Amino acid sequence: MKLGLIGLGRMGANMRDRLTEGGHEVIGYDRDPRISDVTDLPTLVSQLEAPRIVWCMVPAGEATRSTIDELSELLSDGDIIVEGGNSYYRDDQDNAAALAEKNIRYVDCGVSGGVWGKSVGYGLMVGGAKDDVEQLMPIFDTLRPEGERAEGFVHAGPVGAGHYAKMIHNGIEYGLMQAYAEGYELLAARDDLITDPGATFGAWRKGTVVRSWLLDLMVRALEEDPQLAGLRGYVEDSGEGRWTCLESIEQSVPTPVITAALHARFASRQDDSPAMKAVAALRNQFGGHAVKGVDQD
């Protein structure tokens, strides 16, 4: 199939390579002219054939909104936009409604796999009309991992379902990563007892109930830097963890693990937490517990 791909960052560029290797013709556009196949979006659209397919892989929010707005003026009846970034699912529903007035079709696709997707395939979670998804299946089948389709691809429901599923996926990821991280800290804290935390993690990779790809990546990180000395304990969040927690409130579904993992990321960004200062002050007030001043190590 022939398609346009907007956004050739780490994910987009690797997806273009995987699609090209799979026999598709991909015309890529990026603001960086050194990696772009065309100079602008009108040129990209002009080189496609009806019904035209344009896949967006740009940052969620304003960048995605402005790209879709521009495409809405360039595409026509029957064309399809696939939003493959990490958009909020309600934004997808708004986009689809606006594009429907021009008979432009819209599919949202949550994409998981990171920098490894080029070689092993991407996990895909798709939202959209059945006929639209079926038309795009040759593209999805090339991007997903080899093997059973159901093990790396799901048509999760109507527009918005793909990014909703990806949102929950990322929320679960937050919790899993935090559990591994806390386990590592406990192992490392007992250096009198545990001589090699990395080897301990490595021994869990087969035959245990906590084995996973994330565990494999943890072992890889510890092999490269056993004490993680080259890293600062500062962790950003992409936004999907926040959206998951907000959704849990709206649906009255308790998500204590995911919420705690998100809050742990917030705590990582504080050099000297005001909340922990308050806890120290209270412990000193009611129990006379020792506290450390700002000039004490």
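Residues numbered from 1 in each chain as written. Predicted model: local features only at pLDDT ≥ 70, side-chain atom pairs only at ≥ 80, totals over all residues. Heavy atoms only, no water.

*Asks:* What should I look at first to understand the overall build of the chain in this one?
*Replies:* Across its full length, the chain holds 13 helices and 7 strands. Each of the three principal axes of the chain carries a C-alpha extent, and together these read 75 × 40 × 40 Å. With 297 residues in all, the chain has 39% of them scored as buried. A separation of at least 24 residues holds for 64% of the contacts in the chain among residues at least 6 apart in sequence. Only carbon and sulfur atoms are counted for the fraction: they give 54% of the accessible area of the chain, which is about 16600 Å². One finds the centroid of the 28 positive side-chain charges in the chain at a distance of 3 Å from the centroid of its 46 negative side-chain charges. (Helix = DSSP H or I, 4+ residues; strand = E, 2+ residues; numbered from the N terminus. Buried < 20%, exposed > 50% of the residue type's maximum accessible area, 1.4 Å probe, protein only. Contact = heavy atoms within 4.5 Å. Areas by Shrake-Rupley, 256 points an atom, 1.4 Å probe, with all protein chains shown as cover. Lys, Arg positive; Asp, Glu negative; His and termini not counted. Charge placed at Lys NZ, Arg CZ, Asp CG, Glu CD.)

*Asks:* Looking at this model, I keep getting lost on the packing of helix H8 (residues 161-189) against helix H10 (residues 213-224). Mind explaining?
*Replies:* How two helices pack is summed up by the angle between their axes together with the distance between the axes. It is the contact of H8 with H10, at a shortest axis distance of 11 Å, that shows an interaxial angle of 40 degrees. With respect to each other, H8 and H10 are oriented oblique. Where H8 crosses over H10, the two elements pack in a sense that is right-handed. In this structure, H8 uses Leu 176, Met 177, Tyr 180 and Tyr 184 to contact H10, whose residues at the interface are Leu 214, Leu 215, Met 218 and Leu 222. Classifying every residue of the contact of H8 with H10 by side-chain character gives 8 nonpolar, no polar and no charged. (Axes fitted to C-alpha atoms, helices over the stretch in contact; angles between N-to-C directions. Parallel < 35°, antiparallel > 145°, perpendicular 65-115°, else oblique. Left-handed = near helix turned anticlockwise from the far one by under 90°. Nonpolar A, V, L, I, M, F, W, Y, C, P; charged D, E, K, R; others polar.)

*Asks:* So what exactly am I meant to see when it comes to the pattern of salt bridges here?
*Replies:* In the structure shown here, the tally under the stated rule is 19 salt bridges. Its salt-bridge partner being Asp 79, residue Arg 52 comes within 2.9 Å of it at the nearest N-O pair. Of this pair, Arg 52 sits in the loop between helix H2 (41-46) and strand E3 (53-56) while Asp 79 sits in the loop between helix H3 (62-74) and strand E4 (80-83), and the two are 27 residues apart along the sequence. This pair shows no difference in class: Arg 52 is buried, exactly as Asp 79 is. (Salt bridge = Lys/Arg side-chain N within 4 Å of Asp/Glu carboxyl O.)

*Asks:* Sorry if this is basic, but what is going on with the pairing of strand E6 (residues 123-127) here?
*Replies:* Along any regular strand, the residues point their side chains to alternate faces of the sheet. The buried fraction of E6 amounts to 4 of the 5 residues, a majority that puts the element mostly inside the structure. Pairing of strand E5 (residues 105-112) with E6 involves 5 bridges; the strand directions are antiparallel. What sits directly across from Cys 109, in E6, is Val 126. Where E6 lies against strand E7 (residues 153-157), 4 bridges are found, and the strand directions are parallel. By the bridge assignment for E7, Met 125 is matched with Val 154. (Pairing = 2+ DSSP bridges.)

*Asks:* When you look at the packing of aromatic side chains in this model, what are you seeing that I'm missing?
*Replies:* Remark: the centre distance and the inter-plane angle together describe each pair of aromatic rings, the angle taken between the planes. Using the criterion set out here, one finds 9 aromatic pairs in the structure. Aromatic side chains Tyr 88 and Trp 243 sit 4.9 Å apart centroid to centroid with 40 degrees between the ring planes, which places their arrangement in the tilted category. Residue Tyr 88 is located in the loop between E4 and helix H4 (89-100), and its partner Trp 243 is located in helix H11 (residues 240-250); the two are separated by 155 residues in the primary sequence. Overall, Tyr 88 belongs to the buried group, its relative accessible area being 18%. Grouping aromatic residues by their ring pairs yields a cluster made of Tyr 88, Tyr 89, Tyr 164 and Trp 243. (Phe/Tyr/Trp six-rings, centres within 6.5 Å; stacked < 30°, edge-to-face > 60°.)

*Asks:* Can you walk me through the environment of Glu 247 in this structure?
*Replies:* Assignment of secondary structure puts Glu 247 in helix H11. On the basis of relative accessible area, Glu 247 is assigned to the buried category, the value being 6%. Along the primary structure Glu 247 and Ile 168 are separated by 79 residues, whereas in three dimensions their C-alpha atoms are 9.3 Å apart. Setting aside chain neighbours within four positions, we find Glu 247 in contact with Tyr 89, Arg 90, Tyr 164 and Met 167. At a separation of 3.1 Å, a polar atom in the side chain of Glu 247 contacts the side chain of Tyr 164. (Polar contact = N/O pair within 3.5 Å; in protein donor to acceptor, adjacent residues only side chain to side chain.)

*Asks:* Teacher, can you tell me more about the sheet that holds E4 here?
*Replies:* Sheet architecture is open: 7 strands sit in the order E2-E1-E3-E4-E5-E6-E7, paired in mixed fashion. For this open sheet the edge positions go to strand E2 (25-29) and E7, each flanked by a neighbour on one side alone. Across this sheet, the average inter-strand angle for adjacent strands is 25 degrees, counted without regard to direction. Inspection of the sheet shows strand E1 (residues 2-6) paired to E3 by 3 bridges, in the parallel sense. Opposite Gly 4, over in E3, you have Val 54 as the bridge partner. Where H3 meets the sheet, its contacts fall on E1, E3, E4 and E5, and the angle it forms with E4 comes to roughly 175 degrees. The sheet strands contacting H8 are E4, E5, E6 and E7, and the helix crosses E5 at an angle near 15 degrees.

*Asks:* Is there a simple way to explain the side chain of Glu 83 in this structure?
*Replies:* Along the polypeptide, Glu 83 turns up in strand E4. Buried within the structure, Glu 83 lacks any salt-bridge partner; Arg 65 is the closest side chain of opposite charge, at an N-O distance of 10.0 Å. Residues within four places of Glu 83 in sequence aside, it is in contact with Cys 56, Thr 64, Ile 68, Asp 92, Tyr 106, Val 107, Asp 108, Cys 109 and His 163.

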